[in-house]
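Descriptive structure summary
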Amino acid sequence: MAYYGKCIETVIEQLNKFQPEKDSPEQFLEATSTALQTLSPQKQAFILELLSGCLEYRKLLAVVVDAFYVRAGWLCPRADYSLFQVICYLAMFQLQELGFQLFCDIVRAQPVDKMHKFLGFFFNPLNLCSWIKDEWSLIYETAHVRENWIDPLMRWQPEVQELIHQLEEVMANHLPLSKTKARVTEPKEFNLTVPRPRAIPVPEPVPVVAKSKPVPRSTYQPPKEQQLLEMAKRFNRWKAEELLLQANIEEMRCAVPQSQGEPPMQDSKKKLQLQLMPQIVKTSKLTFYKPSEVPVKLNTAAILREGSLYQQQVEKELQRVDQLVDGAGDFSEFLKWQKKMQAKDREEELTAGECRRLLGKLSREEAILARQHVMQENKQKANQKREETAELLQQCAERRLQEEKSMKELVEQVTEAQKNIKLVQMKLLKDRRQTVQEVMEESRELLQRSAETAKEEQKRRCELISQLRALETQPMRKGKLVDLTQIPGYGLEGEMSVVELRERLALLKESQRREEEEKRDQIIQGKRVRSQELQNRMEQISLCRAAMGRSAALRWEEKKARSAAPGVSFQDERVLELQRKVEEKVAERRRKQATLKPVPAPRPARTKAWAHLEEQHWRDLQQSRERRLRALQLSTSAACRRQEAA
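Every value quoted in this text rests on a predicted model; they were computed, and no experiment measured them.

**Notes on the overall build of the protein chain**
Along its length, the protein chain carries 18 helices and 0 strands. When each of the 646 residues of the protein chain is scored for burial, the buried share is 17%. Sequence separation of at least 24 residues holds for 73% of the intrachain contacts in the protein chain that already meet a minimum separation of 6. Of the roughly 54700 Å² that the protein chain leaves accessible, carbon and sulfur atoms contribute 56%.

This is the structure we're talking about:
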């Protein structure tokens, strides 16, 4: 056992020294064989065979060991990489030659926890038959992998699983043994002086603080005056913004003379306008353009959209005129019939809604009944389940009693059988020792043969390497003369020399340049035509706008004339009677007002806070107007600059 353990340690040391980027396997094996001359021939042959196999099949071994470190052995140190390679090589290639018993002894000589993890991972049937087989098939042929490695490893599965179980038991029963039998040192306590207990300090008297008055509730409530001021501020701001918006929309109304028949404004509204008008005139510094001088620049899409809109309006008007010429009738009868049908539809909808409401109530009652029925069924099922569970628990208790009786009988049988195990173990140990000696003799002979074959193979490789190096040292002609005017002569259609190819490329570039110039001219001509069309469309739009403006002016004049006309007098007796009664009531109210003569209430004094708030409000309003004016001036100046640039 120690013989193979030292050999494996030597192989691991040599594998750690091997660097695949710098060293070649042949030279490394030669250097190793020279370094191992002091060992016996059997040890040297065994070590060289293991080392050469690990180097030759290092790709296959790396697949398994790298995956082991990633999936199961992340806690194992990286220094044991070569150990796992050697164990994997012995399991794949030397298990049949060494024998399973010798393999078990080699595994037990290594750390138990590491071998248990690695063998459990490598001999797992799922890993062997799935991804390990696929990865090895990428390096060698699939049939070769299955016949030479996968099938033999699967045949050794029962023995290996038993070995893994034994390693697991060893790990469970392993107890650390003391290396020396010397007397254990018993610590003694230090003989330290005991500190004196500290004196308890006298408590200081707690100062008595006078009871403070509670904070009044009004501290945490906002004052009513502030709420009133906020409401007044919001109302004044809303009213001022409304007046400003009305002034901006109707800024040109001052040039139109007011008709005499216009109805008078309400008293309160008129007073508010008269009060706010001087302040609005002082604060507003806006400049307005005439409608014909407003700088507006339209893009192509806007021009085409507006043109198509006017065109659709013209077509609709022409269709209406044609229908009138053809004698189209009035739609009054159709509208009456439509109203009747709509009333019927509403009634039907109401009845349908009532039906739906009643149906909803009915479905609600049915759902309540169904819920009660389901709850009753659930209670019955729960009672049945309780009875069934009680029966099952009774059966389980009876079964446990039977199992306990059978287990007691088994324990008695096992104790009787253990008495005869020692004799059988002695016989097995003798048989195993004989088989191990035979296997060791056979393995020595095989190692000698493999060492001789390895030497011959090494000599043959060295001769091949020397021949290859001699071939590499022979001179070779690197340069080649090329004639650009000569045709290659491959027999292809359209074959030509390099010079002719360059001339044809130059002609092709010239033709492409001419085509690009023609396309550019066509694009410029198309842009000119399109711009002319847009100009014509803009002229049509301006004509339509002028016509629509004239029609709007006429409608406005008609509306003013209608508003200036005197009101229609009602001749109905009920209306006249009501008017007479209203006049009598008004006259009676005025007589009573004249007789009473109420004393006017004194006007409340204007406080400084109210004046400050009003001044702040109008200052904010003036700043907002100035900001709007500045933004309007910037937009108009930018539009003018864009128009000048265009």
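From this point, the discussion proceeds with the structure in view.
**Things to note about the nonpolar core**
In terms of nonpolar packing, the biggest core is built from 66 residues, with Met92, Phe103, Phe118, Leu119, Phe122 and Trp136 touching the most fellow members. When neighbours within four sequence positions are excluded, Phe118 is seen to be in contact with Val64, Val65, Phe68, Phe84, Ile87 and Cys88.

**Brief notes about a negative patch on the surface**
Taken together, the side chains of Asp345, Glu347, Glu348 and Glu349 present a region of like negative charge at the surface. Within the secondary structure layout, Glu349 lies in helix α14 (residues 332–418). Its relative accessible area of 55% is what places Glu349 among the exposed residues.

**A look at the side chain of Glu49**
Along the chain, Glu49 turns up in helix α3 (residues 41–56). Leave out the neighbours within four places in its chain, and Glu49 touches Tyr89, Gln94, Glu97, Leu447 and Ser450.

**A few points about a nonpolar patch on the surface**
Residues Phe334, Leu335 and Trp337 make up a contiguous nonpolar surface patch of roughly 330 Å² in combined accessible area. Inspection of the secondary structure puts Phe334 in helix α14. Accessibility expressed as a relative area gives 45% for Phe334, which makes it partly exposed.

**What about the packing of aromatic side chains?**
Applying the stated rule across the entire model yields 20 aromatic pairs. Ring pairing ties together the aromatic residues Phe68, Tyr69, Tyr81, Phe84, Phe118, Phe121, Phe122, Phe123 and Trp131, which thus form one cluster. Over the face of the ring belonging to Trp131 we find Arg71, whose NZ or CZ atom lies 4.5 Å from the ring centre.

**Here we look at the packing of helix α7 (residues 112–122) against helix α10 (residues 157–173)**
Packing of α7 against α10 brings their axes to within 9 Å, and their N-to-C directions diverge by 150 degrees. Here α10 runs roughly antiparallel to α7, going by the angle between their axes. Every pair of crossing elements has a handedness; the one defined by α7 and α10 is left-handed. Where α7 abuts α10, its residues Val112, Asp113, Met115, His116, Leu119 and Gly120 lie against Leu163, Ile164, Leu167, Glu168, Val170 and Met171. Partitioned by chemical class, the residues of the contact of α7 with α10 number 8 nonpolar, 2 polar and 2 charged.

**As for empty space enclosed by the protein**
By the definition in use, this model includes 3 cavities of 30 Å³ or more. Looking at the largest cavity, its volume works out to about 70 Å³. Along the walls of the largest cavity sit Phe46, Glu49, Gln94, Glu97, Leu98, Ser443, Leu446 and Leu447, which together make up its complete lining. Its residues assigned to classes, the lining of the largest cavity shows 4 nonpolar, 2 polar and 2 charged.

**Overview of the pattern of salt bridges**
Under the criterion given, the structure shown has 13 salt bridges. Between Asp66 and Arg78 there is a salt bridge, with its nearest N and O atoms 4.0 Å apart. Of this pair, Asp66 sits in helix α4 (residues 58–71) while Arg78 sits in the loop between α4 and α5 (81–98), placing them 12 residues apart in sequence. On the basis of relative accessibility, which here comes to 32%, the residue Asp66 falls in the partly exposed class. Measuring nitrogen to oxygen at the nearest pair gives 2.4 Å for the salt bridge that ties Lys114 to Asp80. Taken together, the residues Lys114 in helix α7 and Asp80 in the loop between α4 and α5 connect sequence positions 34 residues apart. Of the two residues, Lys114 and Asp80, neither departs from the other in class, the shared state being buried. A single salt-bridge network, built from bridges that share partners, covers Glu26, Glu457, Arg460 and Arg461.

**A short note on the confidence of the model for the protein chain**
Put simply, the protein chain has an average pLDDT of 76, and 75% of its residues get 70 or more. The weakest mean pLDDT in the protein chain belongs to helix α12 (residues 267–283) at 42; the strongest belongs to helix α16 (residues 498–564) at 88. For residues 566–572, every residue scores under 50 in pLDDT, and the model assigns this stretch 3 contacts once sequence neighbours within four places are set aside. Contacts of residues 598–606 to residues separated by more than four positions or lying in other chains number 3 contacts, the stretch itself having pLDDT below 50.

**Examining a positive patch on the surface**
Among the surface-exposed residues, Lys336, Lys339, Lys340 and Lys344 lie close enough to one another that they form a single positively charged patch. For Lys344, the location among the structural elements is in helix α14.

**Thoughts on helix α8 (residues 125–139)**
Taking 1.5 Å of rise per residue, the 15 residues of α8 would be expected to cover 21 Å, and the 21 Å separating its terminal C-alpha atoms lies within 8% of that figure. Considering bend angle alone, the principal kink of α8 is centred on Lys133 and spans about 40 degrees. Buried positions along α8 lie against α4, α5, α7, α9 (142–155) and α10.

**Points about the layout of surface pockets**
Roughly 910 Å³ of internal volume is contained in the second largest pocket. Considering the residues around the second largest pocket, the lining is formed by 31 residues, among which Leu48, Ser52, Ser450, Ala454 and Lys455 are closest to the centre. Per element, the largest residue contribution to the lining of the second largest pocket is 12 residues, and it comes from helix α15 (residues 421–472). Residue classes in the lining of the second largest pocket are distributed as 12 nonpolar, 9 polar and 10 charged.

Analysis parameters
Residues numbered from 1 in each chain as written. Predicted model: local features only at pLDDT ≥ 70, side-chain atom pairs only at ≥ 80, totals over all residues. Heavy atoms only, no water. Helix = DSSP H or I, 4+ residues; strand = E, 2+ residues; numbered from the N terminus. Buried < 20%, exposed > 50% of the residue type's maximum accessible area, 1.4 Å probe, protein only. Contact = heavy atoms within 4.5 Å. Areas by Shrake-Rupley, 256 points an atom, 1.4 Å probe, with all protein chains shown as cover. Core = buried A, V, L, I, M, F, W, Y, C linked by side-chain atoms within 4.5 Å. Patch = residues over 30% accessible without salt bridge, like charges linked within 9 Å, V, L, I, M, F, W, Y side chains within 5 Å. Salt bridge = Lys/Arg side-chain N within 4 Å of Asp/Glu carboxyl O. Lys, Arg positive; Asp, Glu negative; His and termini not counted. Charge placed at Lys NZ, Arg CZ, Asp CG, Glu CD. Phe/Tyr/Trp six-rings, centres within 6.5 Å; stacked < 30°, edge-to-face > 60°. Lys NZ or Arg CZ within 6 Å of the ring centre and 35° of its normal. Axes fitted to C-alpha atoms, helices over the stretch in contact; angles between N-to-C directions. Parallel < 35°, antiparallel > 145°, perpendicular 65-115°, else oblique. Left-handed = near helix turned anticlockwise from the far one by under 90°. Nonpolar A, V, L, I, M, F, W, Y, C, P; charged D, E, K, R; others polar. 1 Å grid on protein atoms, 1.4 Å probe; cavity = no way out; pocket = protein on both sides within 12 Å on 5 of 7 lines; lining within 4 Å. Points joined across faces, edges and corners; volume = space filled by probe spheres on them. pLDDT = per-residue confidence, 0-100. Expected span 1.5 Å × (residues − 1). Bend = angle between axes of the 7 residues up to and from the residue.

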